[in-house]
Amino acid sequence: MKMHRMVPVPEALETVLSETAKSLWENGSASTQKSVSTSSSDLVGHISAIDIRAPHPGYPNYNSSIMDGYAVKTSDLREMKKLFDDMDDKERINFRMVFVLEGKIFAGDNIANISCTDKSGDSNEVYPTAVYVTTGAVVPNEYDAVIPVEDTKQVAENGQVRIIDDKVASVLATTTQWTWIRPIGCDIAPDSIVLREGERIQPVHIALLTQCGVDQIPVKRLPRVGVLSTGNELVLSTNTDQCQHGKIPDANRPLLLSQLENYGNCKAHDLGIVSDDDSIEILADKLKNALWNDEIDVIISTGGISMGEKDNMEQVFVNGMGGEIHFGRMNMKPGKPTTFITIDKKSSDGKLCRKLVFALPGNPVSASVCTELLVRPCLDLLHHGVDASEVVSSLDEQSFIRHAVDNASVHDELIATLTEDVKLDKGRPEYHRVSLHRSTSSLDKLHYSYHATSTGVQRSSRVLSLRSADGLMMLPRGGQLGCGKDVAQKGKSYPVLLYQSSSYSMRCGTRFKASMHRSMLEQKNASREKIMHLGIVVCTSFGEEEASGRLDKINTTLMNSLGGEDHVKTVSRVVCNTDASYDVIAQRLNDSVCGSEMENADVIFVVFLGKLGQDTTPVPFRTGLDLSHALRQLVTKHADAVAMRLRQAAASQDPLAALFANVVGLVRNESSVLISCSERGLGEAGTVIKSTVKHLVYMLKQ
């Protein structure tokens, strides 16, 4: 199995989002649609495929009373107010505000209008009419205000309604058109958008659609995710007493299946357990059937992706299914072996269909955390698509992808303070499971802060570390090659990615362009543009002590020949013991060149310390050939002309340097330049190719 470069998590996430966006570009930014009833409990969480507008006349579709009271005509009130305003105080005392009760309408009565006939009761006077209405009842079309029942009293003998004497002045002053009435379309105006295309449907939308009388809406199909476990040690039984010695219950599938369902952005499908002993062809056929016949969009496999003898899932996806690996290891704890693959296939009409594969480690915590970090944002983008209102139709593919990645929904973030010391991992950054609690200071109750407590032992097999976790605290790599510290101290603050998003709608959530991961990428790229970062691998059959002493001289020689401290910075120095067989040497070179130590190196010089030409035995020369051959297997693009120029320059300083077969090319997913040479003639070789190296590094950073 090929050794892959360990990519930082921010780079891995950006790669996943970019490849997902390419899938949207190829397949169309809108997913397949289906119609769902608004009464269906499954509707919440889907994405609307179109804008849903309120029909005419809007909501409510009739004038509705807000209060129990009497519907009146404001034209009658204006006449009464004119009389009242012209009266003196004595006349106002004797003024009576009386209406003739026309009828009664209760909520739910199917009455659109009432015939209004003036009645005078036992009096010869003619009074205006009123209609008794309850809350929610139809207000007849000729009436345009409601006087609350609390301001009135009904005279039972003659069917009249009278305003309480000390309420007359306030009723006349405050009652205007639509007082205590909800007019037609006041809550939802006709033709207004109640659900936008691309909006995630929430419970409130169900209420709005119901009010608008919409019973069916088209939604985007939820991506289908297949979950597969691998391993001879796994069994379906949950009764551990029934497990044979050496067997364990498969916790990965139930964990991931429920985790995916909880996201609400996909439909999870159980693909079962496969054996480590199944052939690549059998496994590939099973997964091909899931992808193309069962229409699975994303596959998550757990296990079989590391460096063990039976770890063959990479071969299944690449050799058996024609997949392309975009990264094969992540520089994080837990989850180092995580591999991301795309599988493309052309349909009968020539359209490209893309499937996404996340081959995750077999330990349940690693699988869960990597699903949270990578799969969840991928599924959000795949389901939500790209907002049509934000996309210009003339965008080319790269602009479309950049827009999609920038605006992809990712985890909400906050800064939390540690309540205890946490030991830092010296090999990789860690996504540490923490529980959070919010507190305020005694001096300022209006502002609060978050405190984080570790969930305990972070071993990747220990599912208990997930139980009380509210988020993933992003801790730096420790030690001298990391942040320089061995412990994240109590009282120090670090960013936390939240498990449960606080956003009610994806529109107000954190987007990748504003995320902590994007900031980390930008900081890394900015620092790399200012100075060339140098990594040195010294290959020797001597002891490390002697090699370390010569390493300082090699470092000084390369620094001076490449431009000095103002232009070059050594970021990593590694000693590789070549006193071994070819297979062992090749593996050690893989680890040295593709390992985390060279993560930030723009140029990696592999320098051989053999005594070529001085020994009477051919072993050093043969070892040099083995070294060159092994390095060529790591290079994805060779620069043989530069290698020849390097060899000539070294030989001009020391003729014996010509015995070494130099290798120059791109490694680590073409993010770094590899240059191998012997210690002989090193200074002259570095000086001659300095401009070439700088040009190669410049081209890589574009």
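As the structure is a prediction and not an experimental result, all values here were calculated from the model.

**Student:** What is the right way to read the overall build of the protein from this model?
**Tutor:** Counting its regular elements, the protein contains 18 helices and 36 strands. Compactness check: the protein gives a C-alpha radius of gyration of 37 Å against a globular reference of 27 Å for 702 residues, more than 25% above the reference. For the protein, the spread of C-alpha atoms along the principal axes amounts to about 140 × 55 × 55 Å. Buried residues in the protein amount to 49% of all 702 residues. A sequence separation of at least 24 residues applies to 77% of the contacts in the protein between residues at least 6 apart. In the form shown here, the protein has an accessible surface area of approximately 32,900 Å², with 48% of it arising from carbon and sulfur atoms. For the protein, the distance from the average position of its 75 positive side-chain charges to the average position of its 87 negative side-chain charges is 6 Å.

**Student:** Is there a simple way to explain the packing of helix H7 (residues 280–293) against helix H8 (residues 313–320) in this structure?
**Tutor:** Angle between the axes and distance between the axes: these two values describe a pair of packed helices. Packing of H7 against H8 brings their axes to within 9 Å, and their N-to-C directions diverge by 70°. As summarised for this structure, H7 and H8 are arranged roughly perpendicular, according to the angle between their axes. Between H7 and H8 lies a crossing whose hand is right-handed. Side by side, H7 and H8 meet where Ile-280, Leu-283, Ala-284, Leu-287 and Lys-288 of the first sit next to Met-313, Gln-315, Val-316, Phe-317 and Gly-320 of the second. For the contact of H7 with H8, the per-class residue count stands at 7 nonpolar, 2 polar and 1 charged.

**Student:** In this structure, what is going on with the sheet that holds strand S24 (residues 413–418)? I would like to understand it.
**Tutor:** Whether parallel or antiparallel, the strands of a sheet pair through hydrogen bonds between backbone atoms. Spatially, the 5 strands close up into a barrel ordered S24-S27-S26-S28-S30, and their pairing is mixed. When strand polarity is set aside, the average angle formed by the axes of neighbouring strands in this sheet is 50°. With 5 bridges connecting them, strand S26 (residues 430–440) and strand S28 (residues 471–475) associate as antiparallel partners. Paired with Arg-433 across the strands is Leu-472, a residue of S28.

**Student:** Which parts of the structure should I look at to understand the confidence of the model for the protein?
**Tutor:** Low-pLDDT portions of the prediction should not be read for the details of their coordinates. When the pLDDT values of the protein are averaged, the result is 86; 90% of them are 70 or greater. Confidence over residues 115–122 falls short of pLDDT 50; this stretch has 16 contacts with residues more than four positions distant or in other chains. Across residues 612–619 the pLDDT falls below 50, and counting only partners more than four positions away or on other chains, this stretch makes 10 contacts in the model.

**Student:** Looking at this model, I keep getting lost on the nonpolar core. Mind explaining?
**Tutor:** Inside soluble globular proteins, nonpolar side chains tend to come together where they are buried. Residues Leu-260, Met-330, Phe-358, Leu-373 and Leu-374 are the most contacted members of the largest nonpolar core, which totals 52 residues. Elements that contribute at least two residues to this core include exactly helix H1 (9–27), strand S15 (224–230), helix H6 (252–263), strand S19 (298–302), strand S23 (352–360), helix H9 (364–384), helix H10 (397–406) and S28. At 11 residues, the largest contribution of residues to this core is made by H9. In contact with Leu-260, not counting residues within four places along its chain, are Val-225, Val-227, Asn-265, Cys-266, Ala-268, Ile-300, Thr-371, Val-375 and Leu-379. Counting 31 residues, the second-largest nonpolar core is a separate cluster that includes Val-538, Ala-639, Val-673 and Leu-682.

**Student:** Hey, could you run me through the environment of Tyr-127 in this one?
**Tutor:** With respect to the secondary-structure elements, Tyr-127 resides in the loop between strand S7 (98–105) and strand S8 (129–133). Assessed through its relative accessible area of 16%, Tyr-127 is described here as buried. As for Tyr-127 and Val-375, which are separated by 248 residues in sequence, their C-alpha atoms are 73 Å apart.

**Student:** Is there a simple way to explain the pattern of salt bridges in this structure?
**Tutor:** Evaluated as defined, the whole model comprises 28 salt bridges. The shortest N-O distance in the salt bridge between Asp-165 and Arg-96 comes to 3.9 Å. One end of the pair, Asp-165, is in the loop between strand S11 (160–163) and helix H4 (168–174); the other, Arg-96, is in the loop between helix H3 (89–93) and S7, and 69 residues separate them in sequence. By relative accessible area, Asp-165 is classed as partly exposed at 38%. By relative accessible area, Arg-96 is classed as partly exposed at 36%. Put simply, Arg-376 and Glu-372 hold a salt bridge, and the shortest N to O gap is 2.4 Å. Taken together, the residues Arg-376 and Glu-372, both in helix H9 and 4 residues apart, mark about one turn of the helix. Neither Arg-376 nor Glu-372 differs from the other in exposure class; each is buried. Overlapping salt bridges, with partners in common, bring together Glu-19, Lys-22, Asp-344 and Arg-354 in one network.

**Student:** Honestly, empty space enclosed by the protein in this entry has me stumped. Any pointers?
**Tutor:** Over the atoms, a rolling probe the size of a water molecule traces out where space has been left empty. Inspection of every chain in the model, using the stated rule, returns 2 cavities of 30 Å³ or more. Here the second largest cavity defines a volume of roughly 30 Å³.

**Student:** Any chance you could explain the layout of surface pockets here in plain terms?
**Tutor:** The volume enclosed by the second largest pocket comes to roughly 1,000 Å³. Lining the second largest pocket are 32 residues, with Pro-429, Met-520, Lys-524, Glu-599 and Asn-600 positioned closest to its centre. Of all the secondary structure elements, the ones that give two or more residues to the lining of the second largest pocket are H1, S26, S28, helix H12 (516–530) and strand S32 (568–577). When residues of the lining of the second largest pocket are assigned to their parent elements, the largest contribution, 8 residues, is made by H12. Residues belonging to the lining of the second largest pocket are distributed by class as follows: 15 nonpolar, 10 polar and 7 charged.

**Student:** Which parts of the structure should I look at to understand helix H5 (residues 203–211)?
**Tutor:** Every α-helix winds through 3.6 residues per turn, so residues three or four apart in the chain are directed the same way. Those residues of H5 that fall on the buried side of the exposure criterion are His-205, Ile-206 and Leu-209. End-on view of H5: buried residues confined to an arc of 105°, all on one side of the axis. Buried residues along H5 sit in contact with strand S4 (52–53), strand S13 (193–195) and strand S14 (216–220).

**Student:** Explain a nonpolar patch on the surface here, please?
**Tutor:** Together, Phe-621, Leu-625 and Leu-659 make up an exposed nonpolar region whose accessible area comes to about 240 Å². Locating Phe-621 in the fold gives a position in helix H15 (residues 619–632). Taking the relative accessible area as the measure of exposure, Phe-621 reaches 38% and is therefore partly exposed.

**Student:** When you look at the side chain of Asp-311 in this model, what are you seeing that I'm missing?
**Tutor:** Tracing the chain through its elements places Asp-311 in the loop between S19 and H8. Salt bridges are absent for the buried Asp-311, whose nearest opposite-charge side chain, Lys-310, sits at 9.9 Å. Reaching out from Asp-311, the side chain makes a polar contact with the backbone nitrogen of Ser-306 at a distance of 3.5 Å.

**Student:** Sorry if this is basic, but what is going on with the pairing of strand S6 (residues 69–72) here?
**Tutor:** A regular strand carries its side chains on alternate faces of the sheet. Judged from the 4 bridges that link them, S6 and strand S9 (residues 145–148) form a sheet pairing that is antiparallel. Bridge pairing links Ala-71 to Val-146 in S9.

**Student:** Help me out: how do you make sense of the packing of aromatic side chains in this one?
**Tutor:** Aromatic rings considered in pairs are described by the distance between their centres and by the relative angle of their planes. Using the criterion set out here, one finds 8 aromatic pairs in the structure. When the ring of Phe-340 is compared with that of Phe-358, the centres are 5.0 Å apart and the planes differ by 35°; the resulting orientation is tilted. Separated by 18 residues along the polypeptide, Phe-340 in strand S22 (residues 339–346) and Phe-358 in strand S23 bring together distant segments of the chain. The residues Phe-340 and Phe-358 share a single accessibility class, namely buried. An aromatic cluster is present here, built from Tyr-70, Phe-106 and Tyr-132 joined pairwise through their rings. Sitting over the ring of Tyr-143, Lys-73 keeps its end group 5.4 Å from the ring centre. Note that Arg-438 overlies the ring of Tyr-448, its terminal NZ or CZ placed 4.2 Å from the centroid.

Calculation rules
Residues numbered from 1 in each chain as written. Predicted model: local features only at pLDDT ≥ 70, side-chain atom pairs only at ≥ 80, totals over all residues. Heavy atoms only, no water. Helix = DSSP H or I, 4+ residues; strand = E, 2+ residues; numbered from the N terminus. Rg over C-alpha atoms; globule rule 2.2 N^0.38 Å. Buried < 20%, exposed > 50% of the residue type's maximum accessible area, 1.4 Å probe, protein only. Contact = heavy atoms within 4.5 Å. Areas by Shrake-Rupley, 256 points an atom, 1.4 Å probe, with all protein chains shown as cover. Lys, Arg positive; Asp, Glu negative; His and termini not counted. Charge placed at Lys NZ, Arg CZ, Asp CG, Glu CD. Axes fitted to C-alpha atoms, helices over the stretch in contact; angles between N-to-C directions. Parallel < 35°, antiparallel > 145°, perpendicular 65-115°, else oblique. Left-handed = near helix turned anticlockwise from the far one by under 90°. Nonpolar A, V, L, I, M, F, W, Y, C, P; charged D, E, K, R; others polar. Pairing = 2+ DSSP bridges. pLDDT = per-residue confidence, 0-100. Core = buried A, V, L, I, M, F, W, Y, C linked by side-chain atoms within 4.5 Å. Salt bridge = Lys/Arg side-chain N within 4 Å of Asp/Glu carboxyl O. 1 Å grid on protein atoms, 1.4 Å probe; cavity = no way out; pocket = protein on both sides within 12 Å on 5 of 7 lines; lining within 4 Å. Points joined across faces, edges and corners; volume = space filled by probe spheres on them. Arc of directions from axis to C-beta. Patch = residues over 30% accessible without salt bridge, like charges linked within 9 Å, V, L, I, M, F, W, Y side chains within 5 Å. Polar contact = N/O pair within 3.5 Å; in protein donor to acceptor, adjacent residues only side chain to side chain. Phe/Tyr/Trp six-rings, centres within 6.5 Å; stacked < 30°, edge-to-face > 60°. Lys NZ or Arg CZ within 6 Å of the ring centre and 35° of its normal.

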